Amino acid sequence: MVPARGFRALTCLLPAMLIAACGGGDAPVAARAPMTGPEAPSFPPSLDGLAAGKRPWSAADGGYIVDTGSRAEVLLFYKTVYASSSQVPVGWSGDTSACNAGDSSAENKAAVLRRINWFRAMAGVPAAVQLDTTFNQKAQQAAMLMAANGALSHTPPVGWTCFNATASEAAAKSNLTIGRSGAESVGESYMRDSGANNTIVGHRRWILYPQTQAMGTGDVGGDNPVNALWVQDANIHSARPAVRDDFVAWPPKGYAPHAVVYARWSFSYPGADFSAATVSMTENGASIATRKEVPVNGFGENTLVWYPGAYADGMSWARPAADTAYQVTISNVVVSGVPRSFTYTTTVFDADTASVEPVTISGSAALASNQVGTYGFSAVTGASTYQWRSLTMSPLEFSDGAEMGAGHFTASTSAGYSLVATDVSANGSASFHFAHPEAADQVMLLAQPVVASADATLHFASRLGLSSPVQRALVEVSTDEGANWTTVFEQAGQQSGMTSDFGEMEFTSRSVSLAAYANRTVLLRWRYALQSGSWYPQTSAAVGWYVDDIQLTGFSSVTAGVATRADAAGFQVAPPGGNFALQARAGMYGYFADWGPLKTVTLSSAVTGADCLFNYAQANYAGLFAPASTSQTAGIYYFRHYAATNTYLGVNASDNNVYYKIGNANPVNAGSLSAWLAAASCPA
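What counts, and where the lines are drawn
Residue positions are counted from 1 within each chain, in the order its sequence is given. Whole-chain, interface and lining totals are the exception, using all residues; otherwise, since this is a predicted model, local features are given only for residues with pLDDT of at least 70 and side-chain atom pairs are given and counted only at 80 or more. Here the side-chain values reflect all heavy atoms present in the structure, with hydrogen atoms and water set aside. Counting from the N terminus, the helices are DSSP H or I runs at least four residues long and the strands are E runs at least two residues long. Contact criterion: two residues are considered in contact whenever any of their non-hydrogen atoms come within 4.5 Å of each other. Throughout, the Shrake-Rupley method with a 1.4 Å probe supplies accessible areas, and for residues the shown protein chains are the sole cover considered. For the charge count, each Lys or Arg is scored as positive and each Asp or Glu as negative, with His and the chain ends excluded. By convention, the charge on Lys lies at NZ, on Arg at CZ, on Asp at CG and on Glu at CD. Confidence of the predictor at the level of single residues is captured by pLDDT, which takes values from 0 to 100. Here the nonpolar core consists of buried residues drawn from Ala, Val, Leu, Ile, Met, Phe, Trp, Tyr and Cys, with membership extended through side-chain atoms lying within 4.5 Å. We call a residue buried when its accessible area falls under 20% of the maximum for its residue type, exposed when it is over 50%, and partly exposed in between, using a 1.4 Å probe and counting protein chains only. Criterion for a disulfide: a pair of cysteine sulfur atoms within 2.5 Å. Two strands are said to pair when DSSP picks up at least two bridges between them. To get an axis, fit a line to the C-alpha atoms, keeping to the stretch in contact for a helix; angles then go from 0 to 180 degrees between the N-to-C directions. Only Phe, Tyr and Trp rings are paired, with Trp represented by its six-membered ring, and only when their centres lie within 6.5 Å; those with planes under 30 degrees apart are stacked, over 60 edge-to-face, the remainder tilted. We count a salt bridge whenever a side-chain nitrogen from Lys or Arg sits within 4 Å of a carboxyl oxygen from Asp or Glu. Definition of a polar contact: a pair of N or O atoms within 3.5 Å, with one able to donate and the other able to accept a hydrogen when the atoms are protein atoms, and with sequence-neighbouring residues admitted only if both atoms are side-chain atoms. Residues enter patches when they are more than 30% accessible in relative terms and free of salt bridges; like-charged ones are connected within 9 Å and nonpolar ones (Val, Leu, Ile, Met, Phe, Trp, Tyr) within 5 Å.

Trainee: Please give an account of the overall build of the protein that cites residues and values.
Mentor: The helix and strand inventory of the protein stands at nine helices and 41 strands. Projected onto its principal axes, the C-alpha coordinates of the protein cover approximately 100 × 75 × 50 Å. Sequence separation of 24 or more characterises 72% of the internal contacts of the protein that already satisfy a separation of 6 or more. Carbon and sulfur atoms make up 53% of the accessible area of the protein, which totals about 26900 Å². Distance between charge centroids for the protein: 6 Å, based on 37 positive and 48 negative side chains.

Trainee: Account for the confidence of the model for the protein, naming residues and giving values.
Mentor: In the predicted model, the protein carries a mean pLDDT of 91, and the fraction of residues at 70 or more is 93%. In this model, residues 1–25 is a region of pLDDT below 50 whose contacts with residues beyond four sequence positions or in other chains number 46 contacts.

Trainee: So what about the nonpolar core? Which residues, and what values?
Mentor: Residues Phe77, Trp118, Phe119, Trp250, Phe571 and Leu582 are the most contacted members of the largest nonpolar core, which totals 65 residues. Element by element, the count of residues in this core is highest for helix α3 (residues 106–123), at eight residues. Beyond its immediate chain neighbours, meaning those up to four positions away, Phe77 contacts Tyr64, Val66, Tyr82, Trp118, Ala121, Met122, Met588 and Tyr589. The next biggest cluster of nonpolar side chains, apart from the first, holds 34 residues, and it includes Ala452, Ala456, Ala473 and Ile550.

Trainee: Provide a residue-level description of the state of the cysteines, including the pertinent values.
Mentor: Summed over all chains, the structure comprises two disulfides. The disulfide that involves Cys99 links it to Cys162, with 2.0 Å between the sulfurs. The sign of the -80 degrees torsion about the S-S bond sets the Cys99-Cys162 disulfide as left-handed. Here the residue Cys99 occupies a position in the loop between α2 (71–84) and α3, and Cys162 occupies one in the loop between α4 (133–149) and α5 (165–172), the gap between them amounting to 63 residues. Of the residues examined, Cys99 reaches a relative accessible area of 37% and is grouped as partly exposed. By relative accessible area, which is 11% here, Cys162 ends up buried. When the cysteines engaged in disulfides are numbered in sequence order, the protein pairs them as 1-2, 3-4.

Trainee: Give me the lowdown on the sheet that holds strand β8 (residues 254–257), citing residues and values where you can.
Mentor: On the basis of which strands lie adjacent, the open sheet formed by five strands has the order β8-β15-β14-β10-β11 and mixed pairing. Edge positions in the sheet fall to β8 and β11 (286–288), since each has one partner strand and no second. With direction set aside, neighbouring strand axes in the sheet form an average angle of 30 degrees. Relative to strand β15 (residues 338–349), strand β14 (residues 324–335) runs antiparallel, the two being bridged by ten bridges. By the bridge assignment for β15, Val334 is matched with Pro339.

Trainee: Could you give me a rundown of the pairing of strand β19 (residues 385–395), with the residues and numbers involved?
Mentor: Pairing of β19 with strand β34 (residues 580–588), which is carried by seven bridges, proceeds in the antiparallel orientation. Of the residues in β34, the one forming a bridge with Tyr386 is Ala586. Pairing of β19 with strand β32 (residues 564–565) involves two bridges; the strand directions are antiparallel. Among the inter-strand pairings, Trp388 is bridged to a residue of β32, identified as Thr564.

Trainee: Can you tell me about the packing of aromatic side chains, naming the residues and giving the values?
Mentor: Two numbers describe a pair of aromatic rings. These are the distance of the centres and the angle of the planes. This structure, assessed with the given rule, holds 42 aromatic pairs. Taking the centre distance of 5.3 Å and the plane angle of 85 degrees together, the rings of Phe460 and Phe489 count as edge-to-face. Residue Phe460 is located in strand β25 (residues 450–464), and its partner Phe489 is located in strand β27 (residues 486–492); the two are separated by 29 residues in the primary sequence. A relative accessible area of 2% places Phe460 in the buried class.

Trainee: An account of the pattern of salt bridges is requested, with residue identities and associated values reported.
Mentor: Inspection of every chain in the model, using the stated rule, returns 21 salt bridges. Where Arg240 meets Glu301, a salt bridge forms, and the shortest distance between an N and an O atom there is 2.6 Å. Here the residue Arg240 occupies a position in the loop between β6 (226–230) and β7 (248–250), and Glu301 occupies one in the loop between β12 (290–292) and β13 (303–308), the gap between them amounting to 61 residues. On the basis of relative accessibility, which here comes to 24%, the residue Arg240 falls in the partly exposed class. It is possible to trace a salt-bridge network through shared partners that takes in Asp441, Glu476, Arg525 and Arg527.

Trainee: Just give me the short version of unusual backbone geometry, but keep the residues and values in it.
Mentor: In this structure, Pro38 follows Gly37 across a cis peptide bond, with omega equal to 10 degrees. In this structure, Pro38 sits in the loop between β2 (35–36) and α2. In the segment running from Trp250 into Pro251, the intervening peptide bond is cis, with an omega of -5 degrees. Along the chain, Pro251 turns up in the loop between β7 and β8. Phi is positive for Asn284, which is not a glycine, with a value near 50 degrees. You can see Asn284 is positioned in the loop between β10 (278–283) and β11. A positive phi angle, close to 70 degrees, is found at Asn519, a residue other than glycine. Within the secondary structure, Asn519 is located in the loop between β28 (508–513) and β29 (521–530). Using a relative accessible area of 31% as the deciding quantity, one classes Asn519 as partly exposed.

Trainee: Please set out the sheet that holds strand β18 (residues 373–377) residue by residue, giving values where relevant.
Mentor: In any sheet, the strands associate via hydrogen bonds between backbone groups, in a parallel or an antiparallel arrangement. With antiparallel pairing, the three strands of this open sheet are ordered in space as β16-β18-β33. Lying at the two open borders of the sheet, with one neighbouring strand each, are β16 (361–362) and β33 (571–573). Bridging between β18 and β33 involves three bridges; their strand directions are antiparallel. Bridge pairing in β33 places Gly373 opposite Val573.

Trainee: Tell me about the environment of Asn136, residues and numbers included.
Mentor: Considering the arrangement of structural elements, one finds Asn136 in helix α4. On a C-alpha basis, the gap between Asn136 and Val543 in space is 42 Å, while along the polypeptide they are 407 residues apart.

Trainee: Describe the environment of Glu357, and please don't skip the residues or the numbers.
Mentor: Its place among the elements puts Glu357 in the loop between β15 and β16. A C-alpha to C-alpha distance of 9.4 Å links Glu357 and Ala593, two positions 236 residues apart in sequence. Separated by 3.1 Å, the side chains of Glu357 and Thr381 make a polar contact.

Trainee: An account of a nonpolar patch on the surface is needed here, citing residue identities and associated values.
Mentor: On the surface, a cluster of nonpolar side chains totalling about 410 Å² of accessible area is made up of Tyr621, Leu624, Tyr660, Ile662 and Val668. Checked against the element boundaries, Leu624 lands in the loop between α8 (609–620) and β37 (632–634). Looking at Leu624, the relative accessible area reads 33%, which means it is partly exposed.

Trainee: Quick one: what's the story with helix α6 (residues 183–191), residue by residue and with numbers?
Mentor: Across the nine residues that make up α6, a large majority, seven, are buried. When α6 is considered as a whole, its buried residues turn out to be Ala183, Ser185, Val186, Gly187, Ser189, Tyr190 and Met191. Structurally, α6 contributes buried residues whose contacts are with β2, α3, β4 (174–178), α7 (202–207), β6 and β7. Phi for Asp193, located one or two positions after α6, is positive at around 50 degrees.

This is how it looks when you write it as structure tokens:
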């Protein structure tokens, strides 16, 4: 990309009506590239300051175990625990201009901890790290110091702005990154460990160090985000605890989502001599080249680092079209004076577009208004908990051209401009306008969830004006209440260097089919995303993304009930007063994946007595009483006959008892009708 002045000169060629001021506000700005380092902290000379008091943590934030040999379980772990720690606001309360370290929110700290323990569980090391309150406070001082000076150092000089002894102490014992903060820093800074200064992946080695039991996080938000992650505790020289695979590798043995596979691969083993070790790899059985980094000890466990194939520093792993198996063989690893070899397979897969096994609900599709229904659901590999909920739906007619404001939406946009623009529109007098006055994504979320049908379509008018390739117009769909988002429309800006393309000058009608989400509840959002690089920060007319004439066809509005824990045996539902639907979802460690497909239940008039009992039997013992049939009378019996099993179920009017009969056998007395009505929650 050309220097900013190239953009500036080009931008000034625009008519004044498009870009009002070429004097200073029209040129693109460049975001500072995130940096991790300057290198990882080394082993401390003593245990001074490493004793941790620890803080009790929620079971949802650690104690994880995952079977990486199971693709389904890894996918669920990624879609639940990992996803829950994404996009959590830092909530920083400090001020670097006043040397006020402040603090980050409890939610941010919990997200950082979940992300740490997620990576540790995937790597097969104890995933029960806790955040120590004192470590947090000291790391917060270090983060403030780095942010105030716009630089990173494990030995900050006394002359630095906002220098203090606590910050200096924490800097020596912490992973450091600038340009990122919160949970994102754990993966994208420390586990990725890119940069010429990080050839030994020392930050990754501390994240995955098996002995560690306590860490601390300090986070600064805003335009200059920083994280300081205290990674050393008093267990640093303790005996190594048991690990899943004997070694610690990243990416790990087993299945790994491609989004957390980085260009530098690593293999750690305590006390190992990797100086003469060799590494070979195959990709789906075919040999690929590898390039080793020079092994350096003194940072967590001794580690060998290499690049597979054509990957190089800073590259992201390509999204695989299909699961790709990499067999790794590391030879001539000297352990206790004895050469050893290790072989394992890592299968990289696209977890972002993959779907968790849907939880489907079984049970009656019809109930009487006074009948309690009993429902079961399918199990999902790796799930430790389930939830269900009931929903009511009604046809939706939705159109919005911004003339009435943004009341149908929840917006997360920067200060300094209005989401509703009245100077540009496709039709009417207004449109929605997204701009990047600061380095932050701009989001407009449809405030209500909707249910898609087989012909569900989203229509809108779009105009992506002056914008750079790192400014991207996105429409996204979520089926799990916003934990994960799938892109269904994407357009990148076109202005790059000394070209003559100033973006779209007119609106284009867009139609996006959402038939793939039929029978699912979804959230919809428009997001003007910003990647690393130079972008246009103007908020004036013709700059940024305009959206108008939003229309939804083939959708229903939905009101969801409270999510309720579902036992393995199933759950019971009392009809809410009209036709309704049911959904269930699977979870791990208190975090949940997508809601499954809807099961629609139709209500009929109240049914009493024997008919209610017969309906109950059909719904709960379908293997015996199927298919559903109508009641009839023969002599003293009021009964139903089930042709598939040649079974009869009836009530004897003479003794008021329930009887069943299979084939030509004699009727069997099953007990009093009153007792069965009570068991089935049926009125007499």
